[in-house]
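An overview of the molecular structure
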Amino acid sequence: MLAITSKSPYAVRALAELARTGNAGPVPIGEIARRREIPVQFLEGLFATLRRAGILVSQRGVKGGYSFARAPAEVTVLEVVEALEGRLGAEATDVFLDAVTALRTELGAVTIADVAQREARAAGAAMYYI
């Protein structure tokens, strides 16, 4: 009915890191994995799914890596979660439908840029690019 696995929080953390790098071009996945202490192979699978969902674009080669297909301020946490987990609460009914609706509303109101800004404020760092 409703399942959010560890994939979604890891992906949101990694995307926030990507957003914090600004518009510096593609970021190597190994760099993001190292900064966020996420296994590279696990992150590769997540980013491949997000690329197929149109959230990320990839570039091969020496200067390759990942970047956002759209601005981080246009990518919601809900979009990321549903790209990885499937539609939240697709079979929910009654009171569970109300709970899923509330969750979808909350996750749909928060963007990756918002997450990156929250993290920066929590760390006391200034945000220069999003």
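Please read these numbers as outputs of a predicted model, since none were measured by experiment.

**Focus on the overall build of the protein chain**
- For the protein chain, the count of helices and strands is 6 helices and 2 strands.
- Listed by position from the N terminus, the elements making up the protein chain come as α-α-α-β-β-α-α-α.
- Taken against the 2.2 N^0.38 rule, which gives 14 Å for 130 residues, the C-alpha radius of gyration of the protein chain at 15 Å falls within 12% of a compact globule.
- Dimensions of the protein chain along its principal axes, counting C-alpha atoms only, are 50 × 30 × 25 Å.
- Split into buried and exposed, the 130 residues of the protein chain put 38% on the buried side.
- In the protein chain, once contacts between residues fewer than 6 apart in sequence are set aside, the share between residues at least 24 apart is 64%.
- For the protein chain, the exposed surface amounts to about 7,400 Å²; the carbon and sulfur share of it is 52%.

**Concerning the environment of A69**
- On the secondary structure map, A69 appears in the loop between strand 2 (65-68) and helix 4 (77-85).
- When the C-alpha positions of A69 and G54 are compared, they lie 6.4 Å apart, and in sequence the two are 15 residues distant.

**Focus: the nonpolar core**
- Residues L15, L43, F47, L50, L56, V80 and I112 are the most contacted members of the largest nonpolar core, which totals 32 residues.
- Where this core is concerned, the elements lending two or more residues are helix 1 (7-20), helix 2 (29-36), helix 3 (40-52), strand 2, helix 4 and helix 6 (112-123).
- Of all the elements, helix 1 adds the most residues to this core, at 7 residues.
- Aside from chain neighbours lying at most four places away, what touches I112 is V12, L15, A16, A19, F68, P72, V75, V77 and V80.

Basis of the calculations
- Residues numbered from 1 in each chain as written.
- Predicted model: local features only at pLDDT ≥ 70, side-chain atom pairs only at ≥ 80, totals over all residues.
- Heavy atoms only, no water.
- Helix = DSSP H or I, 4+ residues; strand = E, 2+ residues; numbered from the N terminus.
- Rg over C-alpha atoms; globule rule 2.2 N^0.38 Å.
- Buried < 20%, exposed > 50% of the residue type's maximum accessible area, 1.4 Å probe, protein only.
- Contact = heavy atoms within 4.5 Å.
- Areas by Shrake-Rupley, 256 points an atom, 1.4 Å probe, with all protein chains shown as cover.
- Core = buried A, V, L, I, M, F, W, Y, C linked by side-chain atoms within 4.5 Å.

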